[in-house]
Amino acid sequence: MDVKIEPSWKEILNEEFGKPYFSNLTSIIRDEYKKHRIFPEGKNIFNAFNLCPFNQVKVVIIGQDPYHGPGQAHGLCFSVKDGIDFPPSLKNIFKEINNDLGIPVPQSGDLTRWAVQGVLLLNATLTVRAHQAGSHQGKGWEIFTDEVIRLLSEKRSNLVFLLWGAYAQRKGAVIDKTKHLVLESVHPSPLSATRGFFGNHHFSKTNQYLLSNEIKPINW
C-alpha cells in the first residue's frame, strides 16, 4: 500500500502498511471521510511523522485521540493551529513549562516548533469524527501506533518518553527502560493536573537527560 508519509517512516513501517489490519483500517477511514466530518484534514493524518523523521526523534509525547472541535486538530497531539483557543490540557502544559523552566506562555498553541526539533507528538488514534471523542478508537489505529512505539524503543537509544495519564502509561508498557528515559505523571487535563502534573518537571528532566547523552535539548 502506498501511504503518503515521510520517507524514513515509510521505510521502517513498510511491513506494517502491508498487513491486513492496516488495509482494513484504510478502507474504514476513507469511508468515514466520505460520509462524516473527520479531523484532522486527510493531509495532516501523518503530520507528526512528516515533521519528525524517525532518526531525528528525541522525545515522544503520547496522546489519546485528536481534538474533535472545528479547526483544532492538525495531526500533532495536544497542538492546535494558530488562532485557536488553547484547550485546557494545553494551557496546563504551558503552565508547567513556565513553572519548570521560566519560559513565558506562548501566543501560539501550534507545537510544530517542537516537532521540528525532534518531539514526536503521537496520538494513539490518528483520526476522529467531529464532536465525537473516541469515535475512531478500536478500528486499528492503536495497533499501528503501538508498533511505532515498539520500533522506536527497539531501534533507537536514549529517547525520552513522556507518558501522561493511565492510557499513555499502558501504551508505553513496551518501552525498554534500560535504553530510554520514561517519565510518567497524571494527565495535564484540569481533572488531574493538580494531582501531580504540575510540578513534575518533565521538561527540565527531559533536557537534562538529552544533554547528559550529548543530544541537543528541546527549546520548549
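A brief report on the enclosed structure follows. Everything numeric in this text was worked out from a predicted model, so none of it was measured. (Residues numbered from 1 in each chain as written. Predicted model: local features only at pLDDT ≥ 70, side-chain atom pairs only at ≥ 80, totals over all residues. Heavy atoms only, no water.)

Two side chains of opposite charge can pair, provided their charged atoms sit close to one another. Within the structure shown, the criterion is met by ten salt bridges. Across the pair Asp146 and Lys171 runs a salt bridge, and its minimum N-O distance is 2.5 Å. Here Asp146, found in helix 7 (residues 141-155), pairs with Lys171, found in helix 8 (residues 166-171); they are 25 residues apart in sequence, far enough to count as distant. For Asp146, a relative accessible area of 35% gives the class partly exposed. Across the pair Glu154 and Arg150 runs a salt bridge whose closest N-O atoms are separated by 2.5 Å. Here the residue Glu154 and the residue Arg150 both occupy positions in helix 7, the gap between them amounting to four residues, near one helical turn. Glu154 gets classed as partly exposed once you look at its relative accessible area, which sits at 43%. (Salt bridge = Lys/Arg side-chain N within 4 Å of Asp/Glu carboxyl O. Helix = DSSP H or I, 4+ residues; strand = E, 2+ residues; numbered from the N terminus. Buried < 20%, exposed > 50% of the residue type's maximum accessible area, 1.4 Å probe, protein only.)

On to the packing of aromatic side chains. Under the counting rule described, the total for this entry stands at 20 aromatic pairs. Between the aromatic rings of Trp9 and Phe54, the centroid separation amounts to 5.1 Å while the plane-to-plane angle is 90 degrees, which identifies the pairing as edge-to-face. Separated by 45 residues along the polypeptide, Trp9 in helix 1 (residues 7-12) and Phe54 in the loop between helix 4 (47-51) and strand 2 (59-63) bring together distant segments of the chain. Residue classification places Trp9 among the buried positions, given a relative accessible area of 0%. Each residue in the set Trp9, Phe17, Tyr21, Phe22, Phe46, Phe49, Phe54, Trp141 and Phe144 is aromatic and connected to the rest through ring pairs, giving one cluster. We note Lys95 situated over the ring of Phe198; from NZ or CZ to the ring centre the distance is 4.9 Å. (Phe/Tyr/Trp six-rings, centres within 6.5 Å; stacked < 30°, edge-to-face > 60°. Lys NZ or Arg CZ within 6 Å of the ring centre and 35° of its normal.)

The strand order across the open sheet formed by four strands is 3-2-5-6, and the pairing between neighbours is parallel. Strands at the two margins of the open sheet, each flanked by one partner only, are strand 3 (119-123) and strand 6 (181-185). Within the sheet, the average angular offset between the axes of one strand and its neighbour, ignoring direction, is 20 degrees. The pairing of strand 2 with strand 3 spans five bridges and is classified as parallel. Within the sheet, the bridge partner assigned to Val60 lies in strand 3 and is Leu120. Taken strand by strand, helix 7 contacts strand 2, strand 3 and strand 5 (160-164), and its axis lies near 150 degrees from that of strand 3. (Pairing = 2+ DSSP bridges. Axes fitted to C-alpha atoms, helices over the stretch in contact; angles between N-to-C directions. Contact = heavy atoms within 4.5 Å.)

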